[in-house]
Amino acid sequence: MTGQTIAEKLFSRHDLKGGQLRAGDMLEARIDGAMMHYHASEPMHEMALQAGFKDGLPRVWDPDRIFVLVDHHQPTLSQKQADENALIRAEVERLGINCFHDSEPGIAHQMMADYGLMRPGELVVGNDSHTVSYGALNVGGTGITRADMFYVLLFGELWFQVPESIRVVLNGTQPNYPIAKDIILYLAGKYGDDFAGSMSIEYAGTLVPQLSIDSRMCLSAHGVEVGAKLAMFPFDEKTREFMATRTDKPYESVAADADAVYEKEIVLDVDQMPFVVARPHQFGNVCDVNEVKSQKINQAQIGSCANGRFEDIEIAARMLKGRKVAKGVRFLVSPASQHVYLQCVKAGLIETLLEAGVQVITPGCGICQPRVGFLSDREVCITATTRNFKGRKGSMNADIYLGGPLTVAAAAVAGEIIDPRKVFDGL
Amino acid sequence: MGFEINGVIQGRAWKFGDSIETDAINPYYRYPAMEDLKQHTMEAYRPEFAKEVKPGDVLVAGRNFGCGSSRPGLVLREVGIAAIVVESASRLFLRNSIARAIPIFQAPGVTAIIEDGQQVVVDYPQGRVVNPVSGASVALRKFPPLIEQIFRAGGLPEFAYARYMREHAH
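Residues numbered from 1 in each chain as written. Chains lettered and ligands numbered in written order. Predicted model: local features only at pLDDT ≥ 70, side-chain atom pairs only at ≥ 80, totals over all residues.

**Q** Teacher, can you tell me more about the interface of chain A and chain B here?
**A** Frequently, the measure chosen for interface size is the accessible area removed from exposure when the parts meet. Listed by partner, the interface residues are 34 residues for chain A and 32 residues for chain B. Residue assignment for the side of chain A that touches chain B shows that the elements contributing at least two residues are α2 (42-51) and α5 (146-155) of chain A. Residue classes in the side of chain A that touches chain B are distributed as 13 nonpolar, 13 polar and eight charged. (Contact = placed C-beta atoms within 7 Å. Helix = DSSP H or I, 4+ residues; strand = E, 2+ residues; numbered from the N terminus. Nonpolar A, V, L, I, M, F, W, Y, C, P; charged D, E, K, R; others polar.)

**Q** Sorry, what's going on with the nonpolar core here?
**A** In summary, soluble globular proteins display a tendency toward joint burial of nonpolar side chains. Grouped together as the largest cluster of nonpolar side chains are 185 residues, with contacts concentrated most on Ala34, Phe150, Ile201, Ala316 and Ala409 of chain A together with Val60 and Val85 of chain B. Three or more residues apiece are contributed to this core by two domains, here domain 1 (6-267) and domain 2 (278-422) of chain A. (Core = buried A, V, L, I, M, F, W, Y, C linked by C-beta atoms within 7 Å. Buried ≥ 20, exposed ≤ 12 C-beta atoms within 10 Å, placed from the backbone. Domains from an automatic or database assignment.)

**Q** What should I look at first to understand helix α5 (residues 91-99) of chain B in this one?
**A** In an α-helix, one turn spans 3.6 residues, which is why side chains three or four residues apart end up on the same side. The buried fraction of α5 of chain B amounts to nine of the nine residues, a majority that puts the element mostly inside the structure. Residues of α5 of chain B that are buried include every one of Arg91, Leu92, Phe93, Leu94, Arg95, Asn96, Ser97, Ile98 and Ala99 of chain B, and no others.

**Q** Got a minute to help me understand the domain arrangement of chain A in this structure?
**A** Residue and element names in this part refer to chain A. Domain parsing of chain A yields domain 1 (6-267) and domain 2 (278-422). With centres defined by C-alpha atoms, the gap from domain 1 to domain 2 works out at 25 Å. In this assembly, 34 residues from domain 1 lie in contact with 31 residues from domain 2. Counting only elements with at least two residues in the side of domain 1 that touches domain 2, the list comes to α4 (108-114), α6 (180-191) and α7 (213-221). No other element matches α6, which puts six residues into the side of domain 1 that touches domain 2. Its residues assigned to classes, the side of domain 1 that touches domain 2 shows 14 nonpolar, 12 polar and eight charged.

**Q** Just to check I follow, could you spell out the sheet that holds strand β4 (residues 99-101) of chain A for this structure?
**A** In sheet architecture, strand pairing relies on hydrogen bonds along the backbone and comes in two forms, parallel and antiparallel. All names here are of chain A. In spatial order, the strands read β4-β3-β2-β5-β6; together these five strands make up an open sheet with parallel pairing. With one partner strand each, in any of the chains shown, β4 and β6 (140-143) form the two edges of the open sheet. Taking the axes of each pair of neighbouring strands and ignoring which way they run, one obtains an average angle of 15° across the sheet. Here strand β2 (residues 33-36) pairs with strand β5 (residues 123-126) via three bridges, running parallel. (Pairing = 2+ DSSP bridges. Axes fitted to C-alpha atoms, helices over the stretch in contact; angles between N-to-C directions.)

**Q** Would you take a moment to explain unusual backbone geometry for this structure?
**A** Peptide bonds are mostly trans, and most non-glycine residues show a negative phi. All names here are of chain A. The omega torsion of the bond from proline 280 to histidine 281 falls at 0°, within 30 degrees of zero and hence cis. Looking at the secondary structure, you find histidine 281 in the loop between β12 (276-278) and β13 (286-288). At serine 198, a residue that is not glycine, the phi angle is positive and equals roughly 60°. Considering the arrangement of structural elements, one finds serine 198 in the loop between α6 and β9 (200-204). Its 18 C-beta neighbours within 10 Å are what place serine 198 among the partly exposed residues.

Okay, here's the thing in structure tokens:
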């Protein structure tokens, strides 16, 4: 019998029947934590009524394992959102859910990490596709649907199929700027935007110990952009340090066996990797940044659950120090959470950004949606956020390019898409 | 609204490409109300779709259908789509369709045998997707028994209700 992958171990550990599971096996899993954002009230209530529960959801399985963080809708940008939030608050009180953040702006996934609400080796679900980002911390985080969440809320269990695993080996040296976004874009461009479809990614290679937790969270969050069910990093000293300041609850990390069986393996030498961008309107429509150089831009953005962390904002501030955003370009930066925002303020980054002409946006998901910073017809945006689908920032006739925070900062200074090495010294 | 998976579905095909995202299927950001969504679903790829789709039509698409967010494809059922037949579905779109009992089938090779506007037959019991005019067919992937039960129950909330009532019957 060969060894097990991280996914096989994780799901075996959570199998209600206690099986030794292999890729392809179906199971009903015990859930350690459930994250909900703005779906918490109305959609759940409607489903309850439709299913036959005349008074709505009759209970939750464990009020201490459910986390409601109203990220997409804070601060409220419409009367409708305010009314929805009031309903969520009432529902949370009725069900006795203890962990509830609705007066703090921020992205739920980052807040889950900030507040240590999930731990290595756990199986944590969320009704948001980027829940897969928790794999950065060796947490079995995976997105589920609202109707799946309905089942989880009642029983604390959910069906899964154990995924096949793909080993993504990243070799090379971490430069003095973040490259996580370039890595995942490069892989999506080369292997397709579903190269890990329904699979579990396990990151390995000489780069991994050098990657910051911020970079790991970018790579894991983008697991969903390449189809992954899980996007797991090994547990190491960096994970231990990160968790130590956020939780005192015990946990048991999860690692693959040396003889685990992988469906495929991809090896990338990051030292040979160019700066890349995704062209409109798909994540996998990737090219070398020089192929689209001189493309004029109207807007640049850094933020979201993929790139709203300290290192993303730090590189922008470092590069913008003593420079100005190009005339006519709107450069929006949105920290992922209040914790990250405060970290940036204390490090002096926000002052630098403001002096350069950046618009600093309240933490949250708005920058990655048509909620904050709309585009008009024929406008062009380059953004370090999650998605570039048509209409993602308003107009169906606008073009959105995705790039790393350094590439975005370079474009903001130049007023056009450009190889960052042509703008900044010391790279 | 239970769905008997062991039936046969036939309809006219609306054909789409690869990696059609949930932002296009369910552009909820711009149209939060279902009545508006119904007028705009899939317009990013085919502006005429919402106006011309008829109840009983079948949606055929390439690989990675429903990529992106965890938003469901309920609007497709609302405009009358009787089945979704794709080369492959994104994980969350597949989970959503199972959990809301929306007929969805993964049939690798389907886009090679069905052209836009042609009739398509989905024969789950026989495990085939057929073009009745050309006679060409491809295999579809059968679901595990648990998933078939969820379809029959009408979706996961309904399945949950049945379990809850069973456990609280006494």
